[in-house]
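Next come the chains, spelled out residue by residue.
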Amino acid sequence: MSQPTTQARELSQYLTFILDGEEYGVPILKVNGIQGFERTTPIPNAPAYVMGIINLRGEVVPIINLRKRFGLQEGTLDAHTVVIVVRVEQADKTRTVGLVVDAVADVYDIKDENLHSTPDFGGKISDTFVRGLGMINEKLVILLEIDHLIDWKRVAEPEPEAATAAA
Amino acid sequence: MHNSTSGHSQLEEIRHIFISECNDGLDLIEQGLLELERGNNTLAIVNDIFRGAHSIKGGAATFGYTNVAEFTHVLETLLDRVRTEELGVTPPLVQVFLEAVDVLRAMVQAMESGEDYDDAQAQTVQAALIGWLGGEQDAVAPAVAMTSATSTTHADPTAVSAMASGQREAKGEDSLAPQTAPGILWDIHFKPAPDFLRNGNQPQHIFRALAELGTLTLQPLLDGLPDFSAFEPETMYLAWSLTLDTQADAARIREVFDWVELDAEIDITPRQPLPEKAAAPSHAPPPAQEAAVAEQHAPRLERRGGKKDAGSIRVDIEKIDVLLNLVGELVINQAMLNQVTRNRSGRHGKELAGELEQGLLLLERTTRELQEAVMEIRMLPLSVTFSRFPRLVHDLSARLNKQVELKITGEQTELDKTVLERIGDPLLHLIRNALDHGIESMEQRQAGGKPATGEIHLGASHEGGSVVIRVSDDGAGLNTERIFQKALEKGLVEADAKLSDSQIHDLIFRPGFSTADVVTDVSGRGVGMDVVRSNIEEIGGRVQVHSERGKGSTFRITLPLTLAILDGQLIRVAGEVYVLPLLSIVETVQVNAALINVISGREVVYRLRGKAVPVVDMREVCRIAGNAVLEDYSGKQMIIVESERRHVGLIVDELLDQHQVVIKSLETNFVKVPGMLGATILGDGTVSLILDVTTLAQTLHRARRGDDHAVATITH
Amino acid sequence: MSHVLIVDDSRSIRELLGGVLRNAGFAVTSASDGQQGLASARGQCFDLVITDINMPVMNGFDLLAALRTLPDYAFKPILILSTEFSQEMKQQGRAAGATGWMVKPFDPVKLVDVIHRLLG
């Protein structure tokens, strides 16, 4: 159950994007850049949501399909598809990762105190991934905890076919 | 120097440098000592040893490691006696010096990791050193100037870190202690020596310092002034009579004259007799107490991460210069190409293409040279690794009661730093084994007509595109029959298997083999050769053994020059491009369907010139969903690769070209992927995975172990 | 800004001393032996020199004596920083022309104070 932390800064900026009709947000400080989708090199035995790796200015970066990761319906990958490059941290290690989303939306300032905790709102995506909910002009934005998006220990193991959103 | 580095990490960096200097110094001392023992008793060597110890002492003292400084001081004092030839070089003396080196190594290690060292051993060795000095504790002059009047504090680690924070540490004696007594008048007679000015001193400095302590009045005394004709402007003729009204005590006043006490006559007397009082509160704590505090500090430093050299290297300036030159040429190349394209109006077709091609060729050459130059920077000579072996052989052979000489050649051969770091352990094991099991005892050797002193030869050289390291001994050689027996017992071979001597010898690298069984000697210990082989293969190398009974054995290690760059064969499998390490490829064949056998309905083998090679469909390995595994392989390309003496045939769709690739780690932004060495970025900017042939072969072998019979005859 | 020359064959000492002095606002140049030190001193007019004694190629005393023959350095403050502290050594230093003698380990605060004082 994500709760806004009391230690968090008063105001945080989020970059929001669209995924299957919903708007999600990630802290802008974690975003390295945005680019179009390009062909990935697949990795054998990787989970289905790991689409593969790409060359990002000389660095080898994995691309994560968020729809697949969240267990949403598969979308089409076309010219509008966007990859948001973010910095993911886990246990002192920082990795650069690309997230495939439908489209980029906007940048918002959200006060931490205005974050709502996530109720059981249909269980579309697992609570581990969600930091909190923000209300922007009557619109609901789901703020993601991107550091928890991937369980790196399990990533190299082959996953069963029916991959669900359970972390 | 980076201004942005915080003071603390600045200090850490310097401490690191100091520790590495200590280690270098210790290596130097050890080398010198071994030379002395060999009879090379020259003054130059003794001086080198002395200087090494002196440097360590100086550094240790400065960084506040008083225990190290004190220990080294005793060592240094003894070395000085040798230097002045008061003491002769004898084996027992060298032995105690070597023990001192060991103690210091442990101390330096403790400095680095923040853990404790064995104080008992240090005490024992120190006592032994003092014993050599004639047993008198006073024979050793005070180690560090802690008791000297000129420095009332010493740089314990806290003081040194005061530098890090760039702050003034409030020291007791700098600030005037709150005095209950009123200010006292002092008469100071100050007569600087004639050379005073020539030593860079200025009376004003003294006066200014005194003025800081209270109210100062000056009265110059001119009686020393000569006639004008005899006057030398650089000579000091003046003296002063000073009156100082201050709350500071005599010691504090005297301190102002610290620098010039040898250069002047100084008299400091109070006008009235001083009232009886205890030692001035502003005085630093008694040295004994300081010593105790220091002792507490030095042996145990704050626990740090204990990370050893996290990845820095020292590089010859020349290598950097080469790099700079090449970068310069790159810039010129680029400018040239720019110009060609800019001036293209009026020129077209063949002429333009020709100029561009020229420019690109030049660019290619410069880039290649740049790449080589950068790789060169990571290259370090093997001497770094080899240097610890003479001492090892010396100690171990003494312990085993054998006479063994270690010969080293080719230690200037350079290797990539990452490879270098990981070759030390395997070499250590090989040399240990040669000492333990290879070289026979003196009696056995003499009985066999060999010289009593055994020889181990450690040699390195560049051969082809690799580095070859040989560890050979002139000992008993491998016992082929015993090896075969053991292998039989362990089920590694069949009783009727026909194996050549070299094939049998290679069995020692199989897991479960203890080297003790490998030779005629029965010794309790033995390091598994399988560990040695896997360590070497992990860094992309190979190891083989050649042995002759009664004559000796040679272990031959082949290593790639660098880990970061690989010669690769590009292949296409199901539309994707992969890279196979060229070194592991034996040959390529076009599949003749008639030579395919399918065992147990699933496993495919290929009869290649009478031998059965297991076949793997790369599509299966690459597990690309949706690609059907082919049934019919006829006409397909099969690449035979070798790993750990096993061959495997890989079916691919297409063979592409060969070229060097830069290995990029998958772990940087992802995780280690089993079966893959890493990834690389091809010329067209796409990413290709690099296949790990070793794991491929191992996995296959494990999966098919039931059919070992079919596979066993492959080793050639 | 005053410019100091440090001469010591130990890199860690050079770095430590350099760091202390830079933090105190001095510009620092360092040399690893007496000969290099002399060359540096010739190439640029330093306000103060700090030198070790035991160094390869050319030791501190020889450096001192050589510096004192240069007009620019005849009256410049030159300090010795050494582990030695015996009277004989100090006398030798004085004879060679040393302005002052500092013993290792040195107190960074005191050192900076002294230097400030010497440079006026």
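Since the structure is predicted, the reported quantities are computational estimates derived from the model, not experimental observations.

About the criteria used
Residues numbered from 1 in each chain as written. Chains lettered and ligands numbered in written order. Predicted model: local features only at pLDDT ≥ 70, side-chain atom pairs only at ≥ 80, totals over all residues. Helix = DSSP H or I, 4+ residues; strand = E, 2+ residues; numbered from the N terminus. Buried ≥ 20, exposed ≤ 12 C-beta atoms within 10 Å, placed from the backbone. Contact = placed C-beta atoms within 7 Å. Pairing = 2+ DSSP bridges. Axes fitted to C-alpha atoms, helices over the stretch in contact; angles between N-to-C directions. pLDDT = per-residue confidence, 0-100. Expected span 1.5 Å × (residues − 1). Arc of directions from axis to C-beta. Parallel < 35°, antiparallel > 145°, perpendicular 65-115°, else oblique. Left-handed = near helix turned anticlockwise from the far one by under 90°. Nonpolar A, V, L, I, M, F, W, Y, C, P; charged D, E, K, R; others polar.

This paragraph deals with the overall build of chain B. Regarding its fold elements, chain B presents 21 helices and 22 strands. Buried residues in chain B amount to 32% of all 716 residues. Here the analysis covers contacts within chain B between residues at least 6 apart in sequence; of these, 70% occur between residues at least 24 apart.

On a plain count of helices and strands, chain A comes out with 2 helices and 10 strands. Every one of the 167 residues in chain A was classed for burial, and the buried ones make up 36%. Long-range pairs, those at least 24 residues apart, make up 59% of the contacts in chain A with a sequence separation of at least 6.

With that settled, consider the sheet that holds strand β17 (residues 611-617) of chain B. Residue and element names in this part refer to chain B. Taken in spatial order, the 6 strands make up an open sheet running β14-β18-β19-β17-β16-β15, and their pairing is mixed. Strand pairing shows two members of the sheet lacking a second neighbour, β14 (585-590) and β15 (596-599), which therefore form its edges. Strand-to-strand twist in this sheet, taken as the mean axis angle between neighbours without regard to direction, amounts to 35°. Strands β17, β18 (637-643) and β19 (646-652) of the sheet are contacted by helix α20 (residues 693-703), whose axis makes an angle of about 100° with β19.

Residue and element names in this part refer to chain B. Taken as a whole, chain B shows an average pLDDT of 77; of its residues, 80% reach a score of 70 or greater. Under a pLDDT of 50 for its full length, residues 517-526 has, in the predicted model, 25 contacts with residues more than four places off or in other chains. Residue range residues 706-716 is modelled with pLDDT below 50. Its contacts to residues more than four positions away, or to other chains, number 16 contacts. Across the predicted assembly, pTM comes out at 0.47 and ipTM at 0.85.

A rise of 1.5 Å per residue sets the reference length of helix α1 (residues 11-23) of chain C, with its 13 residues, at 18 Å; its end C-alpha atoms lie 18 Å apart and thus fit the reference within 8%. Among the residues of α1(C), those classed as buried are Ser12(C), Ile13(C), Arg14(C), Glu15(C), Leu16(C), Leu17(C), Gly19(C), Val20(C) and Leu21(C).

Turning next to the confidence of the model for chain A. All names here are of chain A. This prediction gives chain A a mean pLDDT of 80; 82% of its residues lie at or above 70. Of the regions scoring below 50 in pLDDT, residues 1-8 engages in 16 contacts with residues more than four places distant in sequence or in other chains. The low-confidence segment residues 159-167, where pLDDT is below 50, has 14 contacts with residues more than four positions distant or belonging to other chains.

As a further point, take the environment of Glu481(B). All names here are of chain B. For glutamate 481, the position within the fold is in helix α16 (residues 480-489). Classification of glutamate 481 as exposed rests on a count of 10 C-beta atoms within 10 Å. Sequence separation of glutamate 481 and isoleucine 504 is 23 residues, and the distance between their C-alpha atoms is 8.7 Å.

For the rest of this paragraph, the subject is the sheet that holds strand β3 (residues 239-246) of chain B. Residues and elements named next belong to chain B. The strand order across the open sheet formed by 4 strands is β2-β3-β1-β4, and the pairing between neighbours is antiparallel. Each edge of the open sheet is held by one strand with a lone partner, namely β2 (214-221) and β4 (264-270). Within the sheet, the average angular offset between the axes of one strand and its neighbour, ignoring direction, is 15°. When β2 meets β3, the two strands line up antiparallel, connected through 8 bridges. Residue pairing for β3: leucine 218 is matched across the bridge by leucine 242. In this fold helix α7 (residues 203-211) packs onto β1 (184-192), β2 and β3, with an angle of close to 150° to the strand it touches most, β2.

Time to look at the pairing of strand β11 (residues 552-560) of chain B. Note: strand β9 (residues 466-473) of chain B against β11(B), 8 bridges, orientation antiparallel. If you follow Val468(B) over to β11(B), its bridge partner there is Thr558(B).

Another point: the interface of chain B and chain A. Note: interface size is frequently given as the accessible area lost on complex formation between the parts. Each side of the interface is counted separately: chain B has 22 residues, and chain A has 19 residues. Counting residues per element, the ones that place at least two in the side of chain B that touches chain A are α19 (618-622), β21 (676-681) and β22 (687-691) of chain B.

This paragraph deals with helix α3 (residues 60-68) of chain C. Residue and element names in this part refer to chain C. Gly60, Phe61, Leu63, Leu64 and Leu67 are the residues of α3 that are buried. Within α3, the buried residues cover an arc of 160° as seen down the axis, which keeps them to one side. Contacts from the buried residues of α3 go to β1 (3-7), α2 (34-43), β3 (48-51), β4 (78-82) and α4 (87-96).

As a further point, take the pairing of β3(C). All names here are of chain C. Burial of the side chains of β3 extends over both faces: Leu48 and Ile50 are buried on one face and Val49 and Thr51 on the other. Where β1 meets β3, 4 bridges bridge the pair, whose relative direction is parallel. When the sheet's bridge partners are listed, valine 4 is paired in β3 with leucine 48. Note that β3 and β4 share 3 bridges and pair parallel. Its bridge partner lying in β4, isoleucine 50 is registered against leucine 79.

Attention now moves to the packing of helix α10 (residues 317-342) of chain B against helix α11 (residues 349-377) of chain B. Residue and element names in this part refer to chain B. Where α10 contacts α11, the axes come no closer than 9 Å and their chain directions differ by 160°. As summarised for this structure, α10 and α11 are arranged roughly antiparallel, according to the angle between their axes. Crossing geometry of α10 relative to α11 is assigned as left-handed. Taken together, the residues of α11 that come into contact with α10 (itself represented by Lys319, Val322, Leu323, Leu326, Val327, Glu329, Leu330, Asn333, Met336, Leu337 and Val340) are Glu355, Leu356, Gly359, Leu362, Leu363, Thr366, Glu369, Leu370, Ala373, Val374, Glu376 and Ile377. Of the residues contributing to the contact of α10 with α11, the split by class is 15 nonpolar, 3 polar and 5 charged.

A few words now on unusual backbone geometry. Phi at Asp20(A) takes a positive value of approximately 50°, unusual for a residue other than glycine. Tracing the sequence through the fold places Asp20(A) in the loop between β1 (11-19) and β2 (22-27). The class of Asp20(A) is partly exposed, set by 15 C-beta atoms lying within 10 Å. The phi torsion at Arg609(B) lies on the positive side, around 50°, for a residue other than glycine. Inspection of the secondary structure puts Arg609(B) in the loop between β16 (603-608) and β17.

All names here are of chain B. At a closest axis distance of 10 Å, the pairing of helix α4 (residues 91-113) and helix α5 (residues 119-132) adopts a crossing angle of 145°. Relative to α5, the crossing made by α4 is left-handed. Contacts from Leu93, Val96, Glu99, Ala100 and Val103 in α4 reach Gln121, Ala122, Val125, Ala128, Leu129 and Trp132 in α5. Split into classes, the residues belonging to the contact of α4 with α5 amount to 9 nonpolar, 1 polar and 1 charged.

A separate point is the environment of Thr40(A). All names here are of chain A. Structurally, threonine 40 can be placed in the loop between β3 (31-36) and β4 (50-56). Since 21 C-beta atoms lie within 10 Å of it, threonine 40 is described here as buried. Separated by 13 residues in sequence, threonine 40 and isoleucine 53 have C-alpha atoms that sit 5.3 Å apart. In this structure threonine 40 touches Met51, Gly52, Ile53, Ile54 and Ile63, once residues within four positions along its chain are discounted.

With that out of the way, let us pick up the environment of Leu185(B). Residues and elements named next belong to chain B. Along the chain, leucine 185 turns up in strand β1. Considered as a pair, leucine 185 and threonine 215 are 30 residues apart in the sequence and their alpha carbons are 9.3 Å apart. In this view, leucine 185 contacts Thr243, Asp245 and Arg271; residues no more than four positions away in its chain are not counted.

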